[in-house]
Every structure is written in C-alpha cells, then in structure tokens.
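As a plain string of letters, each chain reads:
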Amino acid sequence: METLIPLLSVQQPMIAEVIVDIAHSDVDKIFDYACGEEIKAGMRVAVPFGRSTTTGFVMRVKEHSDVPAERLKRIYRIEDELPAINEECLSLAEKISARYRCPMALSLRLFLPAELRRGQVGRTFKEFARLSGEPFVPSPRARTQQLLLAYLEEHGETPLSVLRAQFPSAVAPLLKNHAIIVEKRRSLRVPYRSEEGSEERHILTKAQEQAVSAVREGEETVFLIHGVTGSGKTEIYLTLIAEALQKGKTALFLVPEISLTPQMFMKLRGRFGRKVAILHSGLSAGERFDEWERLRLGEARIAVGARSAVFAPIESIGCIVIDEEHDGSYSSESAPRYNTFDIAYLRAKYHRCKLVLGSATPSVETYRRARSGEFGLITLPDRINARPMPKVHIVDMRREVRRGNATPFSSALRDKLRACLDGGNQAILFLNRRGYAQTVMCRDCGNVVKCESCDVPLTYHSDENCLKCHYCGAKYRPLPACPACGGTHIHYMGTGTQRVVGELKKLLPDARILRMDVDTTSGKEGHYKILKQFAEKKADILVGTQMVAKGHDFPSVTLVGILDADMSLHFPDYRSGERTFQLITQVAGRSGRAGAEGEVVLQTYDPENYILRFATEYDYEGFYEHEIAMREAMMYPPFVKVVRVMVTGEDEKETLEALKTVYEKLQKIYAAHEEDFLFFNRMHSPIKRIRDRFRYQVLMRMTESAPLKEIYAAVSEEKYGDVLVYVEENPSNLS
Ligand code: ADP
Ligand code: ZN
C-alpha cells in the first residue's frame, strides 16, 4: 500500500533567515523574512529594514518562523540571479565570525568582490546571433546572406560583431526576415593579452615525481614541501593542480602577490588558458569582478591570487596550494584578522582535499608541525639539474669603513659587479630601504625630523626632492633649517635604494640600471614592466627592496649583492632572526639559476652573527634547531601565543579611557587564569602614533590553554566610540 504524502500548500510562504549587510554588533543576528520558493540560501536580497531598504544574505530557507505572520516582512527582490555564496562558504563565514568574534556581515563580505557589494560593477554585454529556425531562403543573388546562414549552421551561436565584420551587408536583411535572432548576453572580460602565456613544460625529475606521489598517496591533509630555491616546486604545484582538474575538480593556488611574479603568471596562462582566473591587485574593478564571476560560473576552475583568493567562489576543490607559506602577507591586517592557512585548512577539510604548503624557508611554526608528523614533510635538498647553490661571500663592512670606503659597495662587491657585467650577465642588488636617505637629522641639536601625523622619522626622496612618511605617505618640503633649533647642519643619514642607484651610476657609468621599490612600481603594471625589461636583458642591474627577493627566475643573474644584511636583524620582534634568514636565503636564491654559476656578496657589520652564518651555508636545519631552542628557552611562539589588543584613536584622552576599560576587563581574565599567562601589561605601542591615531596596547604572552575566546569576547562586548579596539594573534608586525 502506498501512503499519500500531502503536498505543501502552494500559498504557504517560505521563510528566509537573513543577515543584513550592516557590520554592527547591534544588528548582527538572524532576521526572518517571508519569501517565495525562488529564494535560495546564499542569495543576496533586498529587504525592508527599519525605515529603509538594505541588502541581506540569505543564510537558510525554512518553513516556519517564530515571528507572528502579521509582523513578518517580505523580501523585496533578489539581487543576483545565482546565489553569490555557496553552502560551504556560508558555513565557513559562520566559523570565521565565531572564531574572530566579528559580525557575520564582515565575514560574509570576505566572499564577495567589493564591486558587487557596492553595486558598481560595469557588467559588459555582448550581442550574439543564432539561427531562428524559421524557414527562410534568401534570394540566389544575396550571396553573403547565404554565406552567413551557412556560417551559423556550422559554428552555432556567434558574436554579432564577428558576423558584421565578415558579412557586412547580410545582417540587417536577415534580422528583418526573422532568419536570425540576436540576444544580448553577459560577456566576461579576460584581462590578459593573448601573447602572454609560456608553453614551457618539463618532464618531472625523479625528486619532483616523488613529491607529487607523496602528496597524492599520503594520509595527511597538509603537506609541507621544503625545497631549496630553484628545486622546481612550481612544477610540482602545477602537476597537482592539473591532476585535480583531470578529476573534474577545481584548485586554489595562493601566492604572496602574483603581480610580483610574471613568470608564474605566464606559466599558469600557458598551461591552463582560460581555465585559470587570476585575482591580483593590478586588475580594474570590473576585471576583478569578471574573474570572480568566471570562477563562480565554473568557466574558470583554478583560482590564483593573494590571501583574499582563499575565499574564491569555487566548488569541489581538489587541491589547495600555498606558495611561499612563510610570507607575512598571509595574515590579514584588517578585521577579521584571519590567517590564510586556517581558512585554507577548513576548506581542505570540507572538500577532503590536500593542502600543500611550499617554501625554501618555512616558518618555524610550520616546520615544527611538519617535523612532529602533523603535516607530511617533503624535502627537496637540491636544485634542478643538480645546479650548485650560489656561493656566499661575507664581507665585514667595519673593515671597509676603516679603509675609508664610504660608498654602499664593498671593494669585493665592486670587483664582482664589474666581472659580472663584463661576462654579459646580470646582477641584483638588494637593500630593504627605499628613498634616498633614511633619516634627516640636525647635527646641531640631534633632532630627527618626524612626520606630523606619525611618530616615525621621514625619509628623503631625491627624485621628488621631498621628505616622505613611509607610514602615511605624507610629503614635506626639504628643510633649510632644523625645526627644533634653527640649525642649518642638516644631515642625511642611512642609504636607500635611490642613493644606491646614484652611487652605482658613478661607479659604473655604462651600466643600465633599474630600480624596483614602492616608488617605482605604482600603477597597473608597475612591477610587470620592470621585471619584463630585466627579463629581456634591457638592463644589467636591478636594485630593489624585498620585492626583488620574491620567487623570480632570471637565468642570467649570476650575482646578488645584499647591501645591508643586518637591516632586519635588530627589530624588537621575536621573529627578526627568522625574517633575516628568510630574506637572505630568498634573495641569494635569485643567483645562478641557470647557465653560469652564481655568487652572493653579503655585506654586514656583524659577520659573526649566527643567523647570517646559517644563511650563508643554506643550513635551514641548523638555523631551525638554534631558533627553536631559543624560542623555547625564551618562551616565544610556537611555544606560547603572543596576543596583542590594540587600542587606537585620534583623541588621546578617549583612547586612554578605552585602554583603561579594556585593560580592566582583560585583567579579570588574567586574574582568573594567571597560570596561563607569561606576560600581561599595557603600554604605548612601539610607534606611538600613525596617521594621527594614538596607539596603545595590552600585550600578552600566553599558553595554548589560555582562554583566547574570552579575550575576544571581552574586547567585542564593549563600545568604544571612535576608538578602535581589536585583537591580534602572533602579529607579523609588532610596531
Ligand atoms: P622553485 O620554485 O623551487 O624556486 P622553480 O619552480 O622556479 O623553483 O624552478 C626552477 C627552475 O627549474 C625553473 O627555471 C624551471 O623552469 C626549471 N625546472 C623546473 N622543473 C624542471 C624539470 N623537471 N626539468 C628541467 N627544468 C625544470
Ligand atoms: Zn606619516
């Protein structure tokens, strides 16, 4: 006997659970709205809210609401035809809000391109023509009409512009006779020039082959590929991505900043064509939106980009790769302050796919997890084709100074530069300071000139002849006299990239020099243009900040000069040693990648420093052992967590009041869990003011069992007016 199942009455409205797109804790809850059956979870909708209309996200659709029917308002309309956020991402947004204590609206926004939210997308449309199917026989004299119809017969739907160009006179009469139909449809821009794309492909080496199968067959979810620079990690990633695609799945490929690595861009385009969508900062708003849309519609199946690409709208992910996993750009610096790895891990778990991290210099935290067996560890100790690692020469700059050399170049570096250029090769000079001179000091009173909005010294820029603040971008006229004492003995101290280029021109008048730093790479294709010129050997020497260290593969570079290796060593930050090691290894890794053997000249005032010693010998293991022992002894991450609650505001008094409120709340937590805290104090931040905002902090070091949730809760439950209060976990920048 069949049992009868009553159908739902057609009249009965459905109920949508909606989060309104207003990032405020007061409205951070589910609101029920009546809706029709066309409403699906993940859609953006317009809803009546208070006295106005607002956008909302449908989280769920259900049949019953506790709100009485007469008080239930109705959804006005659907904003996008397709749900903007899929189920996986909706639940991910919920997890993010719970973890970082931020309003749902903020978490949901991570999944949408800003252009979509602001409703500013210039969607581009194109007209397409197809056969109408109605019988129509053109007159035998109308030859082009016959050709056009035959063309459509063979090719199917075709852009109208193509037909107009090929059969100019035929389109109008055929339209008039209803033989063809024209429809306007969305056309998605692909923001690349067609000539881009490198077809270069390699047969995997044995080591690469083994790495691929270790990931493919391994039990773990996360794998770390620790491979020296030039060991061919990229080819491993691309193979894993291609395998995911072959299985009908998609892939996520995260890189620190794609516009810095055009070679990677070309490889991806060459191998995957339109299947890859590259979300990078150089795209226009419309292009960015279209790339996102191509992913959402499934036309593109590989999402490539910096950290925000981890939220790409793709389904059935088969593989996630995080290249240069140690890079600081993977932690978000605005709310919610997520860590890209954590999000990628949740997605990998959801899709039951592998998450592959790669680096020549893994972060100490990651390496520890890999060594403990939590992550699969794959080691590639050799470069492709057994190319030797470039030899590093340490130069003691104290001796250079004693010998009266006041230039940024040691005599060893000068000799090697000449030899390098004479041999027709290229060189990279690295200095992590832009501008001309780092500090402007009055010799009469010792006053250092600072920015009016920030508590930081100004940098002199020679090309614009101005003083610049590197924190807020403010520019000031160079000073004829000291603002403090009126003295006129103004001294420009420290060397930046501009000064290096100036000195280099004196030293090697015939050399063609390019400079790459924040000042020369603005604009849509800033980096790309410089790197392209250098790759095409239109320059001999590339001078730059850490941008030159990132993943580049220039076969003719045989000399790398690290002008001031100590630069990043002495920051008041537990990571400064690790950073220095990473930076030196990465820059050194640009040398000798093909052809002639590479060399590195490392200039330092501290030649015995152990970090530099390990870096010169490419001894990651040695560095790690030393570093992890030190972190354990000093109780720094990964053995504890550094948590900083930042309090910043324009009004100093208000800021201090907010600091007091937060501090008292946190103190209660501290008092109840004192055994979990190693350090707990409030203070000025190292930089006391940035962009006119005063900066105070409560700094904590705590064990893993400390109640982090309570800290987030304490910070978020209070309102602080115009003062901004937020939590940072193991912040990558402690200034
Ligand atoms: P990494 O990312 O580990 O620094 P890359 O992936 O950039 O290294 O590879 C270094 C160089 O070796 C590149 O020029 C690349 O084209 C080349 N290469 C990679 N795999 C192979 C291979 N299997 N055979 C020959 N050359 C390769
Ligand atoms: Zn400033």
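So, a few notes on the structure that sits alongside this text. (Residues numbered from 1 in each chain as written. Chains lettered and ligands numbered in written order. Predicted model: local features only at pLDDT ≥ 70, side-chain atom pairs only at ≥ 80, totals over all residues. Heavy atoms only, no water.)

### Regarding the overall build of the chain
- Counting its secondary structure elements, the chain contains 21 helices and 30 strands.
- Its C-alpha atoms give the chain a radius of gyration of 30 Å, within 12% of the compact-globule value 27 Å for 735 residues.
- Taking the principal axes of its C-alpha atoms as reference, the chain extends roughly 95 × 75 × 60 Å.
- By residue count, 53% of the 735 residues in the chain fall in the buried class.
- A sequence separation of at least 24 residues applies to 73% of the contacts in the chain between residues at least 6 apart. (Helix = DSSP H or I, 4+ residues; strand = E, 2+ residues; numbered from the N terminus. Rg over C-alpha atoms; globule rule 2.2 N^0.38 Å. Buried < 20%, exposed > 50% of the residue type's maximum accessible area, 1.4 Å probe, protein only. Contact = heavy atoms within 4.5 Å.)

### Side note on the nonpolar core
- Counting 109 residues, the largest nonpolar core has Val 645, Leu 666 and Met 700 as the members making the most contacts within it.
- Apart from residues lying up to four places away in sequence, Leu 666 is in contact with Val 645, Phe 680, Val 698, Met 700, Ile 711 and Ala 714. (Core = buried A, V, L, I, M, F, W, Y, C linked by side-chain atoms within 4.5 Å.)

### Considerations on the coordination of the zinc ion (ligand 2)
- Only Cys 451 (SG), Cys 454 (SG), Cys 469 (SG) and Cys 472 (SG) from the protein reach the zinc ion (ligand 2) as donors, at distances of 2.3 to 2.4 Å.
- For the zinc ion (ligand 2), the four donor atoms are set out with angles of 106 to 115° between them, so the coordination reads as tetrahedral.
- The sequence motif formed by the donor residues of the zinc ion (ligand 2) is C-x2-C-x14-C-x2-C. (Donors = N, O, S within 2.8 Å, 3.2 Å for Na, K, Ca; no water. Tetrahedral: all angles 85-135°; square planar, octahedral: opposite > 155°, others 65-115°.)

### Comments concerning unusual backbone geometry
- Residue Pro 336 is reached from Ala 335 by a cis peptide bond, and omega for that bond is -10°.
- With respect to the helices and strands, the residue Pro 336 is situated in the loop between β13 (317–323) and α11 (340–351).
- Between Pro 637 and Pro 638 the backbone carries a cis peptide bond, its omega angle lying at 5°.
- Note on placement: Pro 638 falls in the loop between α19 (620–634) and β27 (641–649).
- The residue Lys 537 is not glycine, and still its phi comes out positive at about 60°.
- With respect to the helices, strands and loops of the structure, Lys 537 is situated in the loop between α16 (526–535) and β24 (541–544).

### Topic: the environment of Val 61
- If you trace the backbone, Val 61 turns up in strand β4 (residues 52–62).
- Residue classification places Val 61 among the partly exposed positions, given a relative accessible area of 31%.
- Between the C-alpha atoms of Val 61 and Ala 16, which are 45 residues apart in sequence, the distance is 4.5 Å.
- Contacts of Val 61, omitting those with residues within four sequence positions, involve Met 14, Ile 15, Ile 39, Lys 40 and Ala 41.

### Some points on the sheet that holds β4
- Strand order across the open sheet formed by five strands is β2-β1-β4-β3-β5, with antiparallel pairing between neighbours. Here the strands that pair on one side only, and so sit at the sheet edges, are β2 (31–35) and β5 (77–78). (Pairing = 2+ DSSP bridges.)

### Side note on the site of ligand 1
- In the vicinity of ligand 1, 17 residues are found, and the nearest of them are Ile 203, Gln 208, Gly 230, Thr 234 and Asp 553.
- Measuring from an oxygen atom of ligand 1, one finds a side-chain N or O atom of His 202 at 3.0 Å.
- Asp 553 has a polar side-chain atom sitting 2.4 Å from an oxygen atom of ligand 1.
- Taken by itself ligand 1 offers 560 Å² of open surface, and the protein chains cover 84% of this. (Near = heavy atom within 4 Å. Polar contact = N/O pair within 3.5 Å; in protein donor to acceptor, adjacent residues only side chain to side chain. Areas by Shrake-Rupley, 256 points an atom, 1.4 Å probe, with all protein chains shown as cover.)

### Here's the deal with the packing of aromatic side chains
- Using the criterion set out here, one finds 24 aromatic pairs in the structure.
- Ring plane angle 85° and centroid distance 5.8 Å describe the contact between Tyr 436 and Tyr 460, whose orientation is recorded as edge-to-face. Here Tyr 460 lies in strand β19 (residues 459–461) and Tyr 436 lies in the loop between β17 (426–430) and β18 (439–442), a separation of 24 residues in the sequence.
- Given the relative accessible area of 23%, Tyr 436 is considered partly exposed.
- Residue Tyr 460 is classed as buried on the basis of its relative accessible area, which comes to 12%.
- Ring-pair connections join several aromatic residues into one group, and the members of that group are Tyr 367, Phe 581, Tyr 620, Phe 623 and Tyr 624.
- In this structure, Arg 337 is placed above the aromatic ring of Tyr 726, and the distance from its NZ or CZ to the ring centre is 3.5 Å. (Phe/Tyr/Trp six-rings, centres within 6.5 Å; stacked < 30°, edge-to-face > 60°. Lys NZ or Arg CZ within 6 Å of the ring centre and 35° of its normal.)

By themselves, these figures tell us nothing about what the structure is for.
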